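Chain by chain, the residues run as shown.
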Amino acid sequence: MTERKNAWARMAGNCHFLRWVDTLLRGAAQVMFQDSAWCGLFFLLGIAWGAWAEGIPEVALGALVGLVVGTLAACILGAPGEDIRKGLHGYNGILVGCALPTFFGSTAVCWVLVVAGSFFSTVVMLAVSRFLRTWKVSAMTGPFVFTTWFILLASYNFAHFKITGLPHPSLPAQPSEAMAMLPDVEVLARAVLKGVSQVFLIGNEVTGLLFLVGLAGASLPASIFAWCGSAVAIATAAFLGADERAVAEGLYQFSAVLTAIGLGSAFYSPNWRVILYALLGTVFTVVAQGALNVALAPLGIPTLTFPFVIAAWLFLLPNIQFMPESHRTPSPSA
Amino acid sequence: MTERKNAWARMAGNCHFLRWVDTLLRGAAQVMFQDSAWCGLFFLLGIAWGAWAEGIPEVALGALVGLVVGTLAACILGAPGEDIRKGLHGYNGILVGCALPTFFGSTAVCWVLVVAGSFFSTVVMLAVSRFLRTWKVSAMTGPFVFTTWFILLASYNFAHFKITGLPHPSLPAQPSEAMAMLPDVEVLARAVLKGVSQVFLIGNEVTGLLFLVGLAGASLPASIFAWCGSAVAIATAAFLGADERAVAEGLYQFSAVLTAIGLGSAFYSPNWRVILYALLGTVFTVVAQGALNVALAPLGIPTLTFPFVIAAWLFLLPNIQFMPESHRTPSPSA
Amino acid sequence: MTERKNAWARMAGNCHFLRWVDTLLRGAAQVMFQDSAWCGLFFLLGIAWGAWAEGIPEVALGALVGLVVGTLAACILGAPGEDIRKGLHGYNGILVGCALPTFFGSTAVCWVLVVAGSFFSTVVMLAVSRFLRTWKVSAMTGPFVFTTWFILLASYNFAHFKITGLPHPSLPAQPSEAMAMLPDVEVLARAVLKGVSQVFLIGNEVTGLLFLVGLAGASLPASIFAWCGSAVAIATAAFLGADERAVAEGLYQFSAVLTAIGLGSAFYSPNWRVILYALLGTVFTVVAQGALNVALAPLGIPTLTFPFVIAAWLFLLPNIQFMPESHRTPSPSA
């Protein structure tokens, strides 16, 4: 595989078009903190498979459009070239492109918003990155979340949006029935994989598997942390009494997956203390998922990956010294 | 006109009372980023006319009280003299003074709050300015918004407030009917002017015209950006399907007017790239207006100029280098 | 008393266990900004008495557990030793430990959350402190508030939480009847003391008295500001028309008590200008209490001490120069 990668690196170095493709693939991979075209390719394959299998091809198209527009926007706005090259201005756009066709019918307004929104997500990326630079903390998927929240909220206000997939606005009410602890091993295994795939808003086991393979190609620890993060999230959700169907669909896991990869392998190098810290962060992410579900219920919008964003910011801000920092570049610095 | 200004500057230089009047007029003008007593005079005239024409003289009185108290507060709290002199501690107070009598009946509690609120808006101005100094970004009308939100929210909690003009708290629901695109040119022309006047919470065409004339006296580009910002906001609102009556009243335009002036002429010097960037910011402001309408619906309070504040912060934080920065002083630095 | 203190300081210096006890007592005292074991002892006595008198012994147990776990977490996470020694990593934990058994039934999930939550409150303490270090402002009780809000919100989402003491989620509605101004001197005197005791979520006059005695032992001005803050809050609430029963229970006073101590004696040395500034902050805290009551009503969670936190941040951020800063160490610097 390393040989294949080197060949690709040579080709991308010689050809403008291939370098551009390489940048876009890295943009897809950066959603899970990987600076790897190979990993990004598997992510795009996973999205394509999931979109086809679930009957929502618009999500795959939206992903491509968002990825291209978000990256282009960074060039137009004069973002530092090395950040663009690492894919740091593509990962928010691709998520915006996945999200909008998931929640809206495929109208002209929707596609204008995919383009405008992924462009805007790069403005937010530059703004949030500059804001957080003071503390040397990355923007995470915050720009995607803020951009999409703005558009989803606005959809309730304007008549030309075709809302198809948003929860009905309602006041919080505690569910009476607890989860039956998912005793079925197959159901659990599927829920773990769907938790990984839901990072891109897709509930599909094969997609989850393709994501894990892509991750493993870039970083084996990242792939293991992704799988374990999803499993830990299921256990936490079961302990707290989450809705069984939501867990089976991966909705309590996807943010936890990102927290586990981020704290466990991307921002710190894995060792025992880091693993315990990442575990605490992953458990917190599930509580935050529940808290944000409730906080957003009256507004009728989903949390997206904000539970992860808030977990990452809270757990990285203390900048704990006794844990050796990873030698990898710690993501955006725009 | 320049001569008249110079004569005024000489007089204000020689007389303590006139210098104080000059400072207050600049405070009114700073709502739209102008450091100009002439412009402020037209703003006060516009407010007076609008308040009289709409039958709400309390708004004009509130504006005066807020302007004086906010500026006095800065002196008492020891804010830097040059900031006070530019009117940077008057513009939040005047807006608080316009807002409270718009939403509350003219009771004793209301007027105590006008005084206390405009004093407090200067504390918030100092706090937000110090917070944002790290990124060299101004407080915008954030202090006015935060102060007024606190008081409006509190009004639902205490029995001695006389609420007259607040929206009923409700869960978000998408309107079924779209706007009929306002085909009438006269209606559109009036909506553009009302959009400008609503910056001070007044829906009156003559007031809008007086504001544009005052702006033109201080900066012709600012006046043009104000008019165009309002027009672009109407077009965006029509495309997205906004409520026709709200557009006719100027409620989707006033924040966009501020964004257009701010990004187009106050914080950057106008050139083609700046114009496109300001256009993007103005369009975003309309989406943010819709989003914040929805986000605040359950609480029953209006957005005030927060769509502008968030647009300005997001679009100024990236501190994009390839646009030549204006040589004008970029507003507060308290 | 000073002699007794010196004897204690010698003993704590010689014995690891006593030093640990001393640190914990200081943690309790830091809720009201005191670096004093003596004061912390009275606080614990007050909590014990209140919990016993009100029939909620779980609150006293939770306080102890939270205090120990929060402080231990700081050791494990490698926080600076001098901060730990001053009790700066105990005060959020003790409040989390008081809060959760107040709002939840005493189930296994509740006690797991007391432990996990007070541990997590120290992570938030380190995060918020690092964030705010840029402006030399302390975290106040923000980490307690954020941690507890997350858990309270999550409780509506998961079936295994036993909610017992949370307000029902509802849209804001203005009360029609004003407060009858509490004409009874005894009722007022009790309300002042309960306002002090509610800082630890306990409504008990004797507890309030014990807190005031403990404060006086550490700093007489602090004790006076606490009592006056509670009295000013009652007057403000009466003027604005607050609910009489809530005032009698101390619910409009506890945040104001903290603001008064903080602005009046902890972050500034008392003089006439400081007293006026603290008065303004205390009055604002009551308005903020009302505003946050409304803002959180749709979510069914209480404000906790956030009105104080926001007042402290807004009034300390301007860093007003003409007031001589206290020579005392201005609290956390982690």
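Residues numbered from 1 in each chain as written. Chains lettered and ligands numbered in written order. Predicted model: local features only at pLDDT ≥ 70, side-chain atom pairs only at ≥ 80, totals over all residues. Heavy atoms only, no water.

Participant: Explain the overall build of chain A here, please?
Facilitator: Secondary structure assignment for chain A yields 15 helices and zero strands. Against the compact-globule benchmark of 20 Å for 334 residues, chain A has a radius of gyration of 19 Å, which places it among compact chains. Its C-alpha atoms put chain A at 60 × 55 × 40 Å along the principal axes. Looking at chain A as a whole, 62% of its 334 residues qualify as buried. In chain A, of all internal contacts separated by at least 6 residues, the share reaching a separation of at least 24 is 74%. Taking the 16 positively charged and 15 negatively charged side chains of chain A as two groups, their mean positions are separated by 12 Å. (Helix = DSSP H or I, 4+ residues; strand = E, 2+ residues; numbered from the N terminus. Rg over C-alpha atoms; globule rule 2.2 N^0.38 Å. Buried < 20%, exposed > 50% of the residue type's maximum accessible area, 1.4 Å probe, protein only. Contact = heavy atoms within 4.5 Å. Lys, Arg positive; Asp, Glu negative; His and termini not counted. Charge placed at Lys NZ, Arg CZ, Asp CG, Glu CD.)

Participant: Would you mind showing me how to read the relation of the copies chain A and chain B here?
Facilitator: One copy of the chain maps onto the other through a rotation about an axis plus a displacement along that axis. Turning chain A through 120 degrees and shifting it by 0.0 Å along the axis lays it on chain B, with an RMSD of 0.0 Å. The symmetry that links the two subunits is that of a three-fold axis. For chain A, the residue whose C-alpha comes nearest the rotation axis is Pro 298 of chain A, separated from it by 4.2 Å. By residue overlap, the copies meet through two different surfaces: only 16% of the interface positions of chain A are interface positions in chain B. (Least-squares fit on C-alpha atoms with pLDDT ≥ 70 in both.)

Participant: Is there a simple way to think about the side chain of Gln 289 of chain A in this case?
Facilitator: Residue and element names in this part refer to chain A. Structurally, Gln 289 is set in helix H14 (residues 272–296). By relative accessible area, which is 3% here, Gln 289 ends up buried. Contact partners of Gln 289, with chain neighbours within four places excluded, come to Leu 251, Tyr 252, Phe 254, Ser 255, Thr 303 and Pro 307.

Participant: In this structure, what is going on with the interface of chain C and chain B? I would like to understand it.
Facilitator: Interface size is often expressed as the accessible area that is lost when the parts come together. Tallying the contact residues gives 38 residues for chain C and 31 residues for chain B. Roughly 3,100 Å² is buried in total at the junction of chain C and chain B, and carbon and sulfur atoms are behind 75% of that figure. Three residues stand out in chain C for area buried against chain B, namely Trp 135, Gln 174 and Leu 240 of chain C, and they jointly supply 21% of the buried area on that side. Between the two partners, chain C and chain B, sit zero salt bridges. Taken together, chain C and chain B are joined by 13 residue pairs in polar contact (both at pLDDT 80 or more). Every element with two or more residues in the side of chain C that touches chain B is listed here: helix H11 (220–240), helix H14 (272–296) and helix H15 (306–316) of chain C. (Buried area = accessible area lost by both parts, 1.4 Å probe. Salt bridge = Lys/Arg side-chain N within 4 Å of Asp/Glu carboxyl O. Polar contact = N/O pair within 3.5 Å; in protein donor to acceptor, adjacent residues only side chain to side chain.)

Participant: Even after reading the chapter, I still don't get the relation of the copies chain C and chain B, so can you show me in this structure?
Facilitator: Superposing chain C onto chain B requires a rotation of 120 degrees together with a translation of 0.0 Å along the rotation axis, leaving an RMSD of 0.0 Å. A share of only 13% of interface residues in chain C that are also interface residues in chain B marks the association as one of differing surfaces.

Participant: How should I be thinking about the interface of chain A and chain B in this particular structure?
Facilitator: Counting residues at the interface gives 31 residues for chain A and 38 residues for chain B. Both sides of the chain A and chain B interface together cover about 3,100 Å² of buried area, and 75% of this is carbon and sulfur. On the chain A side of the interface with chain B, the three residues burying the most area are Arg 130, Phe 150 and Phe 158 of chain A, jointly 23% of the side's total. The interface formed by chain A and chain B contains zero salt bridges. On inspection of chain A and its partner chain B, the count reaches 13 residue pairs in polar contact (both at pLDDT 80 or more). Mapped by element, the contributors of at least two residues to the side of chain A that touches chain B are helix H7 (108–133) and helix H8 (142–155) of chain A. Counting residues per element, the side of chain A that touches chain B draws most heavily on H7 of chain A, which supplies 10 residues. Classifying every residue of the side of chain A that touches chain B by side-chain character gives 24 nonpolar, six polar and one charged. (Nonpolar A, V, L, I, M, F, W, Y, C, P; charged D, E, K, R; others polar.)

Read these as spatial facts, not as claims about activity.
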